Amino acid sequence: MCTSLKLKYKKRYVFGRNLDLEYHFNEGVIALNESYLMKYKFLKVEKANKKIIGIGSMLDDYPLYAEAMNEDGLCIAGLNYPGNAYYHENIEENKINLAPYELINYLLIHAKNVDEVKEISKNIHLVAKSFKEGLPLSYLHYLISDKDKSIVLEPDKDGIKIYDNPYEVLTNNPSFPFHLENVKQYGNLSNKYYLNNLTSKSDLKPFCIGLNAHGLPGDFSSPSRFIKTLYLKEKVEENLTSEEELINEAFHIFSSVSVIKGSALTSENKSEITIYTSVLDPFNFIYYYKTYEDLSVKSVAFKNITFDKKNIVYFKL
């Protein structure tokens, strides 16, 4: 389970996610500079030509990003999409053949914004190839945002599907069109003080505030987390008064949909938790995060990083 969003105030925005899993994957902040040589399974090695920072695991000096941003302010997060994500068995001529784990890297190197991602994605062909033998494929869909807009990218059997995302929120299964329909059930939710729309026969008095949000989901399913995140995002954006509040409020939203140990079990009876929360500040190119074990917010500013000869560095969370 995962939750991702873009939160904005005037011309500034942040992007972030909860990563919910029942295990750790040696996750850490990974930054690379313009001289890093990106390797692919089916394409030629190329220089990154961009600064990129994200969280993922690093194997053989290669970044396996769960989410990341580039110096242009393009942000991408991969969220669990099992049973729906489709990868092809064979490469296709005259297409950009990528292994699934290469997708975030390729898009952040080649695109400055969402519109360029849309254009590039028309030629992407995802091939069912893992990083190395023994490592499983990750079946994902993606929230992709820039300063102006957001989209969802879903790899389906008949190709890459791109959906405009006016809500700038994404969770997991089902597919994004389901979430677009599901939102329609919750148009009555409000943060306003109590309104008596039920009866004129008596003056109903509220016994607490917040009753107009009655029906707001609170469970850990992906449709419920989508709705709760959207509700909080909309109300927070309406009430932001400064750019400084952006990061703080983003962490509060993610805390409200985080998964606590023992609250949601997998089919193997293992407990999922929110192993980390990240908030990306593209304007200052700073990566903020906190972990399940340590709720204090840490940050990594790209400008303060010293790179080695391999042009990539890794900071374990």
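In what follows, the accompanying structure is described. (Residues numbered from 1 in each chain as written. Predicted model: local features only at pLDDT ≥ 70, side-chain atom pairs only at ≥ 80, totals over all residues. Heavy atoms only, no water.)

**Considering the nonpolar core**
- Ranked by size, the top nonpolar core spans 52 residues in total, and within it Leu7, Ile53 and Val279 carry the most contacts.
- Among the elements that take part in this core, helix α5 (residues 245-256) stands out by supplying 6 residues, more than any other.
- Residue contacts for Ile53: discarding those within four places in its chain leaves Val29, Ile30, Ala31, Tyr65, Ala68, Met69, Phe285, Tyr287, Val300, Phe302 and Ile305.
- Judged by nonpolar contacts, the second largest core, of 39 residues, contains Tyr36, Ile52, Ala111 and Val117. (Core = buried A, V, L, I, M, F, W, Y, C linked by side-chain atoms within 4.5 Å. Buried < 20%, exposed > 50% of the residue type's maximum accessible area, 1.4 Å probe, protein only. Helix = DSSP H or I, 4+ residues; strand = E, 2+ residues; numbered from the N terminus. Contact = heavy atoms within 4.5 Å.)

**Overview of the pairing of strand β7 (residues 62-70)**
- The element β7 is extensively covered by neighbouring structure, given that 9 of its 9 residues are classed as buried.
- Sheet topology note: the strand β6 (residues 52-59)/β7 ladder contains 8 bridges and is antiparallel. If you follow Ile55 over to β7, its bridge partner there is Glu67.
- Where β6 hands over to β7, the hairpin turn is made up of 2 residues, of which Asp60 adopts a positive phi near 50 degrees. (Pairing = 2+ DSSP bridges.)

**Describing the packing of helix α4 (residues 222-239) against α5**
- It is at 10 Å that the axes of α4 and α5 come closest, and there the two elements cross at 155 degrees. Overall, the two elements α4 and α5 adopt an arrangement that is roughly antiparallel. Here the hand of the crossing between α4 and α5 comes out right-handed. Judged by residue contacts, Lys228, Thr229, Leu232, Lys233, Val236 and Asn239 of α4 engage Glu245, Glu249, Ile253 and Ser256 from α5.
- The residue inventory of the contact of α4 with α5, partitioned by class, reads 3 nonpolar, 3 polar and 4 charged. (Axes fitted to C-alpha atoms, helices over the stretch in contact; angles between N-to-C directions. Parallel < 35°, antiparallel > 145°, perpendicular 65-115°, else oblique. Left-handed = near helix turned anticlockwise from the far one by under 90°. Nonpolar A, V, L, I, M, F, W, Y, C, P; charged D, E, K, R; others polar.)

**Let's talk about the sheet that holds strand β17 (residues 298-301)**
- The 6 strands lie next to each other as β14-β1-β2-β15-β16-β17, forming an open sheet whose pairing is antiparallel. Every interior strand has two partners, whereas the edge strands, β14 (169-170) and β17, have only one.
- As paired elements, strand β16 (residues 286-291) and β17 share 4 bridges and run antiparallel to each other. When the bridges of β17 are listed, Tyr288 appears paired with Ser299.
- Contacting β1 (2-9), β2 (12-21) and β14, α4 runs over the sheet at an angle of about 15 degrees to β1.
- Running over the sheet, α5 touches β1, β2, β15 (273-281) and β16 and is turned about 150 degrees from β1.

**Digging into unusual backbone geometry**
- For the bond running from Asn173 to Pro174, omega is -5 degrees, close enough to zero to count as cis.
- Note that Pro174 resides in the loop between β14 and α3 (176-182).
- Non-glycine residue Asn26 carries a positive phi angle of around 60 degrees.
- Tracing the backbone through its elements, the reader meets Asn26 in the loop between β2 and β3 (28-32).
- On the basis of relative accessibility, which here comes to 39%, the residue Asn26 falls in the partly exposed class.
- Notably, Glu168 is not glycine yet its phi reads approximately 55 degrees, a positive angle.
- Turning to its location among the elements, Glu168 is positioned in the loop between β13 (159-164) and β14.

**A few points about α4**
- The end-to-end C-alpha distance of α4 is 26 Å, a good match for the 26 Å that 18 residues give at a rise of 1.5 Å each.
- Within the sequence span of α4, burial applies to Ser222, Ser224, Arg225, Phe226, Ile227, Thr229, Leu230, Tyr231, Lys233, Val236 and Glu237.
- Those residues of α4 that are buried lie in contact with β1, β2, β14, α3 and α5. (Expected span 1.5 Å × (residues − 1).)

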